[in-house]
Amino acid sequence: MTLDELWELFPIVLAPHDDRWTDWAAEESAALSSLLGDFSHTVTHIGSTAIAGIVAKPIVDILVEISQEDDMPAIRRLMETNGYICMSASDCRMSFNKGYTPYGYAERVFHIHIHRYGDNDEIFFRDYLISHPETAKEYERLKISLLPRFRHNRDAYTAAKTDFVRRILAQGSR
């Protein structure tokens with residue numbers, strides 16, 4: 001399947017906040033904690049599904065922070081053996097998907113981000129938007145404005161949000 005065909009099958013969809021996302025994140029986080037019990041880790045619900053009051057892609061993002069000593073290849077094998085699809089991997093980060101089917105999205109879709117401890121700007125970004133609702137609404141407006149142009153191009157959609165995200169992250173360095 002080509003990238004264009006994948007993006008057609010899995011378009012960007014924005015939905016009003018759904019309280020079930022918090023429950024789904026808690027359930028998936030508990031499953032991940034159990035699965036990764038032999039590794040030092042912290043599991044956190046991140047992304048727009050963790051921010052009440054704004055639209056989000058109905059994909060629950062979860063950050064798993066692991067120690068510098070943890071064996072990334074072993075974690076990758078464990079995740080893949082348990083149904084997660086590795087989308088990218090490096091020495092310090094991995095990304096997994098769950099809930100993508102040959103026919104489109106499952107009811108519950110997850111993106112699992114595994115980073116080394118301290119590589120967690122996503123937590124600051126989430127917390128900033130929660131504590132600054134006017135900025136969260138600005139982010140929502142940006143996402144809605146990008147949707148018509150990038151519905152079938154997730155990479156371009158994400159890239160178009162980068163300046164906004166960097167501006168918020170800069171607030172943390174002050």
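Look up a bit, the structure's there.
Residues numbered from 1 in each chain as written. Predicted model: local features only at pLDDT ≥ 70, side-chain atom pairs only at ≥ 80, totals over all residues. Heavy atoms only, no water.

A few words now on the overall build of the chain. If you tally the helices and strands in the chain, you get 7 helices and 5 strands. Listing the helices and strands of the chain from first to last along the sequence gives α-α-β-β-α-β-β-β-α-α-α-α. Computed over its C-alpha atoms, the radius of gyration of the chain comes to 16 Å, within 12% of the 16 Å expected for a compact globule of 174 residues. In terms of overall dimensions, the chain has C-alpha extents of about 45 × 40 × 30 Å along its principal axes. Counting only contacts in the chain whose residues sit at least 6 apart along the sequence, the fraction spanning at least 24 positions is 65%. Taking the average place of the 19 positive charges on the side chains of the chain and the average place of its 26 negative ones, the gap between the two points comes to 5 Å. (Helix = DSSP H or I, 4+ residues; strand = E, 2+ residues; numbered from the N terminus. Rg over C-alpha atoms; globule rule 2.2 N^0.38 Å. Contact = heavy atoms within 4.5 Å. Lys, Arg positive; Asp, Glu negative; His and termini not counted. Charge placed at Lys NZ, Arg CZ, Asp CG, Glu CD.)

Topologically, aspartate 70 is positioned in the loop between β2 (60-66) and α3 (72-81). The class of aspartate 70 is buried, set by a relative accessible area of 11%. Separated by 29 residues in the primary sequence, aspartate 70 and histidine 41 place their C-alpha atoms 9.1 Å from one another. Leave out the neighbours within four places in its chain, and aspartate 70 touches Phe39, Ser40, Ile75 and Arg116. Within polar-contact distance, the side chain of aspartate 70 engages the backbone nitrogen of serine 67 at 3.1 Å. (Buried < 20%, exposed > 50% of the residue type's maximum accessible area, 1.4 Å probe, protein only. Polar contact = N/O pair within 3.5 Å; in protein donor to acceptor, adjacent residues only side chain to side chain.)

For sheets, the rule is that strands pair by backbone hydrogen bonds, running either parallel or antiparallel. Read from one edge of the open sheet, 5 strands run β1-β2-β5-β4-β3, paired in mixed fashion. Only two strands of the sheet have a single partner each, and these edge strands are β1 (41-46) and β3 (85-89). Averaged over all pairs of adjacent strands, the angle between strand axes in this sheet comes to 20 degrees, irrespective of strand direction. Inspection of the sheet shows β2 paired to strand β5 (residues 104-116) by 7 bridges, in the parallel sense. The partner of glutamate 65 across the bridge, within β5, is histidine 115. Sitting on the sheet, helix α4 (residues 121-131) touches β1, β2, β4 (93-101) and β5, and the angle it makes with β1 is about 40 degrees. (Pairing = 2+ DSSP bridges. Axes fitted to C-alpha atoms, helices over the stretch in contact; angles between N-to-C directions.)

Our focus in this paragraph is the packing of aromatic side chains. Enumeration over the complete set of coordinates arrives at 7 aromatic pairs. With centroids separated by 5.2 Å and ring planes inclined at 65 degrees, the aromatic side chains of phenylalanine 10 and tyrosine 105 adopt a geometry described as edge-to-face. Taken as a pair, phenylalanine 10 in the loop between α1 (3-9) and α2 (20-35) and tyrosine 105 in strand β5 lie far apart in primary sequence, 95 residues in all. Judged by relative accessible area, phenylalanine 10 falls into the buried class, the value being 9%. Consider the rings of phenylalanine 124 and tyrosine 128, whose centres lie 5.9 Å apart with planes at 40 degrees: the pair is tilted. In this pair, phenylalanine 124 and tyrosine 128 are both assigned in helix α4, 4 residues apart and thus about one turn of the helix distant. (Phe/Tyr/Trp six-rings, centres within 6.5 Å; stacked < 30°, edge-to-face > 60°.)

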